[in-house]
Amino acid sequence: MKSPLLSLPGAVPAEGPDQGVAAHYGDLFREQRELAAGRAFTDLSHRGVVTVTGPDRLAWLHLLVTQHVSGLPAGQAAEALVLSPHGHVEHALYLVDDGTTTWAHVEPGTQGELLAYLEKMKFMYRVELADATDRYAVVHLPAGHTGTPQAAAVRELPWGRDLFLPRAELAATAAGLGGPAGIWAHEALRIEAHRPRLGFETDHRTIPHEVDWLASAVHLNKGCYRGQETVARVHNLGKPPRRLVFLHLDGTEEVLPPHGTELRTAADPQGRPVGFVTSSARHWELGPIALGLVKRNTPVDAVLLAGTVPGTQEVVVAP
């Protein structure tokens, strides 16, 4: 969906998975500084919104996702994954329950496939599902932001708040939230914080261990769910085949390595790739940064080449 906030002065539309919102509003680094200081907001209205109602909603979701949500208190945020039977990540849900409805926002365009799967799993449970993307929009307020707009639901997080706003009120509400920061600023801070994103840090064979989702989106002591055998086996008996790394990139290059850029060790620049870049950004303090997924046995002190751009590693998932 195309956001009405694209009509704000300086707005430059984003492309690719984030099309529909602004990449930036004319000053990327200022937007990052304002967002980091809690004085800006980010329009995430391109993300899908799914709601689940009915008295069995939390107990039912508990059976399907990786997180322990059967007793999720009203107002408490949670992250959860839907896995394939082999334990590969298929969906990432960012949840909150308001006492009568469970709200989730998901990656743009993925809500249809998610709802199709969930509908097949309803059986006799008293739940109702809805794609609410056309009625509600997500806006992110960073930690420290003093805005208190009325919202249908709010996810309180250590790094800010996700608001579910009536889409018809998005423009009017945003006018009272201070300056906007585009999705590029939001992404730069996400990459800095090492937070994985579905479709960026993941591919068709990603398991949660590889991108540190065990820390935030997987409960290791809950009952059965699809893919749990893989999660338990790798956690208890082995190591994931790949690991997420944070990269400090050489700042002399003008072009950022895009998603999918092959990573090789600088010691063997013509050798076989050891991984690929998942996300990259220009950070207002750190300069060019990226996340990458590499083979587990890649030495942690190896300088990596993202194409031709050197980068030093910072461990996110231990080998």
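Residues numbered from 1 in each chain as written. Predicted model: local features only at pLDDT ≥ 70, side-chain atom pairs only at ≥ 80, totals over all residues. Heavy atoms only, no water.

> I would appreciate a short explanation of the environment of Ile289 in the present structure.
Counting through the fold element by element, Ile289 comes out in strand β16 (residues 287–295). Ile289 sits in the buried class, given a relative accessible area of 0%. Between the alpha carbons of Ile289 and Ile183 there is a distance of 16 Å; along the sequence they are 106 residues apart. Once you skip the residues sitting within four places of it in the chain, Ile289 turns out to touch Ala188, Ile191, Glu192, Phe246, Leu247, Leu249, Ser279, Ser280, Ala281 and His283. (Helix = DSSP H or I, 4+ residues; strand = E, 2+ residues; numbered from the N terminus. Buried < 20%, exposed > 50% of the residue type's maximum accessible area, 1.4 Å probe, protein only. Contact = heavy atoms within 4.5 Å.)

> In this structure, what is going on with the nonpolar core? I would like to understand it.
The tendency in soluble globular proteins is for nonpolar side chains to be buried side by side. Membership of the largest hydrophobic core comes to 23 residues, with the highest contact counts inside it found for Leu81, Trp213 and Leu244. Listed by contribution, the elements that provide at least two residues to this core are β5 (78–83), β6 (89–97), α5 (183–192), β13 (242–249), β15 (275–283) and β16. Apart from the residues within four sequence positions on either side, Leu244 is in contact with His194, Glu201, Glu210, Val211, Thr278, Leu291, Gly292, Leu293, Val316 and Val317. Judged by nonpolar contacts, the second largest core, of 22 residues, contains Val50, Leu64, Leu95 and Leu129. (Core = buried A, V, L, I, M, F, W, Y, C linked by side-chain atoms within 4.5 Å.)

> What am I meant to see in the sheet that holds β16 here?
Across a sheet, strands are paired by hydrogen bonds formed along the backbone, either parallel or antiparallel in direction. Taken in spatial order, the six strands line up as β13-β16-β15-β14-β17-β18 and close into a barrel, and their pairing is antiparallel. Sheet twist, expressed as the average angle between the axes of neighbouring strands with direction ignored, equals 45°. As paired elements, strand β17 (residues 304–306) and strand β18 (residues 309–315) share three bridges and run antiparallel to each other. Paired with Ala306 across the bridge in β18 is Val309. Each of β13, β15 and β16 touches α5; the most contacted strand, β15, lies at about 120° to it. (Pairing = 2+ DSSP bridges. Axes fitted to C-alpha atoms, helices over the stretch in contact; angles between N-to-C directions.)

> When you look at the side chain of His283 in this model, what are you seeing that I'm missing?
Mapped onto the elements, His283 comes out in strand β15. Within polar-contact distance, the side chain of His283 engages the backbone nitrogen of Glu285 at 2.9 Å. When sequence neighbours within four positions are dropped, the list of residues in contact with His283 reads Phe29, Gln32, Ala188, Leu189, Glu192 and Ile289. (Polar contact = N/O pair within 3.5 Å; in protein donor to acceptor, adjacent residues only side chain to side chain.)

> Could you clarify how one ought to interpret the pairing of β16 in this entry?
Regular strands have side chains that alternate between both faces of the sheet. In terms of burial, β16 is a largely internal element, seven of the nine residues being buried. With eight bridges connecting them, β15 and β16 associate as antiparallel partners. If you follow Phe276 over to β16, its bridge partner there is Leu293. The antiparallel hairpin formed by β15 and β16 contains three residues in its connecting segment.

> I keep staring at the sheet that holds β6 and nothing clicks. Help me out?
If you walk across this open sheet you meet the five strands as β5-β6-β7-β4-β8, and the pairing is antiparallel. Looking at strand neighbours, the two that pair on one side only are β5 and β8 (128–131), the edges of this open sheet. For this sheet, the mean angle separating the axes of adjacent strands, direction not counted, is 30°. Pairing geometry for β6 and strand β7 (residues 101–106), over four bridges, is antiparallel. Within the sheet, the bridge partner assigned to Tyr94 lies in β7 and is His105.

> Can you help me understand the pattern of salt bridges in this one?
It is possible for side chains of opposite charge to pair when their charged atoms get near one another. Scanning the entire structure with this criterion turns up 17 salt bridges. For Arg47, the salt bridge identified is with Glu107, shortest N-O distance 3.0 Å. Note that Arg47 is positioned in the loop between β3 (40–43) and β4 (48–53) and Glu107 in the loop between β7 and α3 (111–120), a separation of 60 residues in sequence. Given the relative accessible area of 7%, Arg47 is considered buried. For Glu107, a relative accessible area of 6% gives the class buried. Three or more residues joined by partner-sharing salt bridges are found here, namely Asp18, Arg47, Glu107, Glu187, Arg190, Arg197 and Glu201. (Salt bridge = Lys/Arg side-chain N within 4 Å of Asp/Glu carboxyl O.)

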